[in-house]
Every structure is written in C-alpha cells, then in structure tokens.
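Chain and residue survey
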Amino acid sequence: MHQMQRGPEFEIDSGLLDEKVLKKLYDQLHMYELIMDSIYNGVMVTDSQGYIICMNAPYGQFLGIDHRQQIGKHCTEVVEGTRMHIVAKTGQAEINRSQHIRGQNMVVQRIPIRKENQMVAVFGQVMFKDVRDVGKLANELSVLESKVRMYEQELMSLRSTRYTFASIVGESQAMVDLKQEAMLAAGKESPVLISGESGTGKEVFAQAIHQGSSRNLHPFVRINCAAIPKDLMESELFGYAKGAFTGALAQGKAGKFELAHQGTIFLDEIGELPLDMQPKLLRVLEEKEWERIGGTKVIKSDFRVIAATNRNLEDMLRERIFRKDLFYRLNVVPMHIPPLRERPEDVLPLTEHLLEQLQQEAGWQRVYLSSEAENILTSYPWPGNVRELANALERTLAGLNRNVIRAQNLPLYLHRSLPEACPEKKSEGGRLRDIVAQAEKEAIIFALREAGQNKAMAARKLGIHRTLLYKKMTRYGIRVEVAE
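Residues numbered from 1 in each chain as written. Predicted model: local features only at pLDDT ≥ 70, side-chain atom pairs only at ≥ 80, totals over all residues. Heavy atoms only, no water.

So, about the nonpolar core. Membership of the largest hydrophobic core comes to 31 residues, with the highest contact counts inside it found for Phe257, Leu267, Ile270 and Phe322. For this core, the secondary-structure elements that each account for two or more residues are strand S9 (220-224), helix H8 (233-238), strand S12 (264-268), helix H10 (278-287), strand S15 (304-309), helix H11 (313-318) and helix H12 (324-330). Broken down by element, the residue count for this core peaks at 4 residues, all from H10. Setting aside its immediate chain neighbours within four residues, Leu267 contacts Ile223, Phe257, Leu281, Val305, Ile306, Ala307 and Ala308. (Core = buried A, V, L, I, M, F, W, Y, C linked by side-chain atoms within 4.5 Å. Buried < 20%, exposed > 50% of the residue type's maximum accessible area, 1.4 Å probe, protein only. Helix = DSSP H or I, 4+ residues; strand = E, 2+ residues; numbered from the N terminus. Contact = heavy atoms within 4.5 Å.)

Spelled out as structure tokens, the structure:
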C-alpha cells in the first residue's frame, strides 16, 4: 500500500504524486491556512450540507475549542444558533445579521459559494464579536463626520470668499433681477462677464457666484489685470519652471490658473489686459492647459472663469484694442451692475447693511440714522458708488460720540448735494481763485449753520484751526454774533 502523509488538515497518497508537486500543494494549503488564521474575526466554511470544512484559529479560541477537531462535524453541533446549513439550502446570503453565541449578541454574515451554478459551500464570518462594537463604530464614524464638517468649514473660511448672496443688498427692481441672475449663474459652469462702474460691487457678485456654486470648497483666485506689470503678466498667470529666467525661484512657481484648480478664477479689470496677452489667455480658457514659462510639461487645470470690467468692451472691440474672440468667450453670461445714482432706493438698505458690518468689526454699539441724515444720503449722487458710501460711513463712525447719526455728523461734502446747502449762487465763470474762494465761503457758512453758530465746532467740521476760521470769516465778511 502506498504510504500516507498527513498535512495540517488533509491526507494524500504520496505514491501517486511527484515529490515536487506534493511539496507545492502542501505549501499552498499551508499558506491558505495561515491566511485564514490571520483573519482577526472568526471564520467558518461548510459544504452544501452544512458540514464544516474549514474553521480558523481565532474562531476556535473564541468558542473555546480546537478548531482542527471540528472539521467534518455538522455546523449545528459546534455553533449555537447557526444558520449556515439553512443558507446552503436557500442559497440566499445573510449580511450583517445578529446571532447569539456564548452569551453575546454578535453580528455575522453568511455568504453562499457556487460553482457552475451549483451550491458547493457557505462562507461565514463574525463581523463584530459584540453588537456593542457596532455602536462604538457608529460613534467613531459620527465623530469623524463631525471632524470632516469642521475641517470643511475651516477650509471654506481659509480658501473661500468674504461675500455671499447675503452680501448683495438692494430693493430696486434692477438689483432684485440681477441677484436672481447671479443665483442662476452659480448653478452653471459658463463664463460670466460682470460690467459696471468702479465701486458698484463687481467682486461681491463674483465671490457670491463662486460661494453659491459646487466649487465653493476650492480656491477663489483673483487677478487684477490692471495691477500686474506687463512684463510679469505671463509668469503670474501661467507660472514658470525652475531656472526659467534670472531671478526666478529655484523651485519654479505655480501660476494663478494652476492655483485655481477645481475653483474659480476671477479676472478683474479684464479690459486692461495687454493686447498681446489676449490670445494666450483665450487659448488657456478654451483648452484649460498650458506650459509654464521655460517648462515642457503640459499643465491641466479645471477652473471656472468670471471676468469683470468698468470699461465698455464693445467700444474697445470697435477700436480694435480688445479681441472679439476673447470677448465672445467671456461674455456667455453678461451681467451689468447699474451705478448707485440710478437706484437711489438702494442707498438706505445699503447704509444699514454697511453700518452693521462696520459696527461688528469695530465692536461699536448699534447706530441709527436721523431723518435729516437719510435725506442727505439719498440726495447725494454717489459718483464713487457703494465704495464711496462705505468710506463716508466709516469716516462718520470714526468721529461719532453718540448712537444717532445726524446731518452734522456726515462728511461736509455730502451736504453740497442739497439745494438749500448753497445759499449763494455759484459763479458760472471767472478765475479759479474766485471759484475756490466762493466755494470756501459757502462751506464756512454751511458749517456755522450746522454747528449752531459755534465757531469751535464749525472749525472742527471744516478740519481747520479756529484761528484760521476767524481769519477766513473776516476775509469773506462773514459776521456771526455767537456767545462761546
């Protein structure tokens, strides 16, 4: 009879096999056994009738038995409450089911194994040795989710924008419609071209669109085309490779488009872009790939573009100082912000919004506007738009010592918009000296009126010393009897 050799869990007639083949089979089976025993949780495999054909050491240790001695036994003899033999009959997997074993509720899974559509075995595994482990895992996942949300918020605060759609304030129909257009644009990927005078809030709209888009967790990169010197424009936009030119950083430098990957790039003052840079920009906008200066590697970036200008680009097209193809590439979603003088009904809502911001930043108490102050603010044409309004309010708060802004607290130049602020008719001609003198005289008269004829207060409002005020009053024949 052939000699029988016994391996870990098998017998083989060595006379029927070549020694090399036998050793190879033995090594493979031993490797499978090591793998099974290295699985942290319990594993058991039965045949199609429910008889155990494999059990790993960790499961045997948990059950308090020798796992090798269980081979050939029916699963119901070894594990209480098992359903391995039932799964073998039904062929239906049971995933993450509860099972009571050795006084503990455990989470298990039972998976049928088929070969050529025939049931040959069932794989069973204890996923958690105690259902309380599931609760622990759920708690850990909850903590991780909270951390992820916290990190997302920190990332947004570090990389995102200062303005949102809540920053766009206005009650005029023009602003209501424009805000609605911006919200629709935020849900798309098309380029946006925002036009409007300086100070109307073009960047506020650009940031709000970015913040309302799916790219809001990624960078908002601003490029002021008017502020970058012409000879540095290309390197700023597209970056440069190591040693590209004298004075270049040793490691090279990423360009703005590279930094805007998955985010938004804001091309402010696009009308100031040099003509020779326009075709290069157009190519990058269309293909979203380029090479750094002095480099050979093609860089790709996924970005959305928003551009803004205070110039009339259509006039520039006719003058051939702005390329038509670039204009059409940018002007997919056009938005025009009207100047503040065309929407006076927005002045007071904007004033309240800006005052609230300034108060929060400086920690001031709540400040209110008197009706006289409101009248002055709404009468002024605001050539500098919202930026000028913010500046005027900040100047006012800096010198305010009460919680109500009255007419006399506002900058003096704002009063000149009122008809009654000019008691004398302005000269329509004459020398510059006469015009300046007339304006100075009117300013002194108005300051005295607003100060209740108090010369010291009038001098402070005018920003001059009281002695100088007296001299000017004498020069212009302004006589006021005031008891100080």
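Additional details are given in the paragraphs that follow.
Counting along an α-helix, one turn takes 3.6 residues, and residues three or four places apart therefore face a common direction. Here helix H13 (residues 347-362) contains 16 residues, and its C-alpha end-to-end distance of 22 Å stays within 8% of the 22 Å for a straight helix at 1.5 Å per residue. Taken together, the buried positions of H13 are Val347, Pro349, Leu350, Thr351, His353, Leu354, Leu355, Leu358 and Gln359. Residues of H13 that are buried sit in contact with strand S17 (368-369), helix H14 (371-379), helix H15 (385-398) and strand S18 (404-405). Remark: Gly363 follows H13 within two positions and exhibits a positive phi of approximately 70°. (Expected span 1.5 Å × (residues − 1).)

Taken together, 5 strands build an open sheet; the order of strands is S9-S12-S15-S8-S16 and the sheet is parallel. Only two strands of the sheet have a single neighbouring strand rather than two, namely S9 and strand S16 (333-337). Between one strand and the next, the sheet's axes are offset by a mean angle of 20°, whatever the strand orientation. Strand direction decides the pairing type here: S12 and S15, joined by 4 bridges, are parallel. Note on S15: the bridge partner recorded for Ile265 is Val305. (Pairing = 2+ DSSP bridges. Axes fitted to C-alpha atoms, helices over the stretch in contact; angles between N-to-C directions.)

Glancing now at the environment of Val122. Note that Val122 resides in strand S7 (residues 118-128). Each C-alpha atom, one on Val122 and one on Ile111, is 5.6 Å from the other, the two residues being 11 residues apart in sequence. Here Val122 is in contact with Met44, Val45, Thr46, Met84, Val87, Ala88, Arg110, Ile111 and Pro112, once residues within four sequence places are set aside.

Take a nonpolar patch on the surface next. On the surface, Leu29, Met31, Tyr32, Leu34 and Ile35 cluster together into a nonpolar patch covering about 480 Å² of accessible area. Positionally, Met31 belongs in helix H1 (residues 19-38). Classification of Met31 as partly exposed rests on a relative accessible area of 45%. (Patch = residues over 30% accessible without salt bridge, like charges linked within 9 Å, V, L, I, M, F, W, Y side chains within 5 Å. Areas by Shrake-Rupley, 256 points an atom, 1.4 Å probe, with all protein chains shown as cover. Salt bridge = Lys/Arg side-chain N within 4 Å of Asp/Glu carboxyl O.)

Turning to the pairing of strand S6 (residues 104-115), a few remarks are in order. For strand S5 (residues 94-101) and S6, the ladder comprises 6 bridges, and the chain directions are antiparallel. The residue bridging His100 from the neighbouring strand is Asn105, located in S6. Once S5 ends, the chain turns through 2 residues before running back antiparallel as S6, passing Arg102 with a positive phi of about 50°.

Moving on, we come to helix H6 (residues 173-186). Its 14 residues give H6 an end-to-end C-alpha distance of 20 Å, which sits within 8% of 20 Å, the value for a rise of 1.5 Å per residue. Buried residues of H6: Met175, Leu178, Ala182, Ala185 and Ala186, and no others. Seen along its axis, H6 keeps its buried residues to an arc of 100°; they face one direction. Away from its buried face by more than 90 degrees, H6 exposes Gln173 and Leu184. Considering only its buried residues, H6 is in contact with strand S8 (192-196), helix H7 (202-211), S15 and S16. (Arc of directions from axis to C-beta.)

This part takes up the packing of aromatic side chains. Overall, the coordinates contain 7 aromatic pairs when judged by the stated rule. With a centroid separation of 5.6 Å and an interplanar angle of 75°, the aromatic rings of Tyr380 and Tyr413 are classed as edge-to-face. Of this pair, Tyr380 sits in the loop between H14 and H15 while Tyr413 is found in the loop between S18 and helix H16 (432-450), placing the two residues 33 residues apart along the sequence. Using a relative accessible area of 13% as the deciding quantity, one classes Tyr380 as buried. Tyr413 gets classed as partly exposed once you look at its relative accessible area, which sits at 30%. Ring pairing ties together the aromatic residues Phe238, Phe257, Trp290 and Phe303, which thus form one cluster. (Phe/Tyr/Trp six-rings, centres within 6.5 Å; stacked < 30°, edge-to-face > 60°.)

This paragraph deals with the packing of H13 against H15. Where H13 contacts H15, the axes come no closer than 10 Å and their chain directions differ by 50°. By the angle between their directions, the pair H13 and H15 is classed as oblique. As H13 runs across H15, the sense of the crossing is right-handed. Facing Val347, Leu350, Thr351, Leu354, Leu355 and Leu358 of H13, the residues of H15 in contact are Val386, Leu389, Ala390, Leu393, Glu394 and Leu397. Split by residue class, the contact of H13 with H15 holds 10 nonpolar, 1 polar and 1 charged. (Parallel < 35°, antiparallel > 145°, perpendicular 65-115°, else oblique. Left-handed = near helix turned anticlockwise from the far one by under 90°. Nonpolar A, V, L, I, M, F, W, Y, C, P; charged D, E, K, R; others polar.)

This part takes up the pattern of salt bridges. Within the structure shown, the criterion is met by 17 salt bridges. We note a salt bridge from Arg68 to Glu33, for which the minimum N-O separation is 3.0 Å. Of this pair, Arg68 sits in the loop between helix H2 (57-63) and helix H3 (75-78) while Glu33 sits in helix H1; the two residues are 35 residues apart in sequence, bridging distant segments of the chain. Classification of Glu33 as buried rests on a relative accessible area of 12%. Across the salt bridge formed by Arg323 and Asp325, the nearest N and O atoms sit 2.7 Å from each other. Assessed through its relative accessible area of 32%, Arg323 is described here as partly exposed. Linked by salt bridges that have partners in common, Arg83, Glu94 and Arg110 make up one network.

This next bit is on the confidence of the model for the protein. Mean pLDDT over the protein works out to 83, with 83% of the residues at or above the 70 mark. Ranking the helices and strands of the protein by mean pLDDT puts S15 first, with 97, and strand S1 (residues 4-6) last, with 38. Here residues 1-10 scores under 50 on pLDDT; set against residues more than four positions off or in separate chains, the count is 27 contacts. Counting interchain partners and residues more than four positions distant, the pLDDT-below-50 stretch residues 420-430 has 17 contacts. (pLDDT = per-residue confidence, 0-100.)

With that settled, consider unusual backbone geometry. Residue Asn117 is not a glycine yet carries a positive backbone phi of 65°. Among the structural elements, Asn117 can be located in the loop between S6 and S7. Owing to a relative accessible area of 74%, Asn117 belongs among the exposed residues under this scheme. At Gln262, a position not held by glycine, the phi torsion is positive, near 70°. Looking at where Gln262 falls in the secondary structure, it is placed in the loop between helix H9 (256-259) and S12. The class for Gln262 is partly exposed, based on a relative accessible area of 34%.

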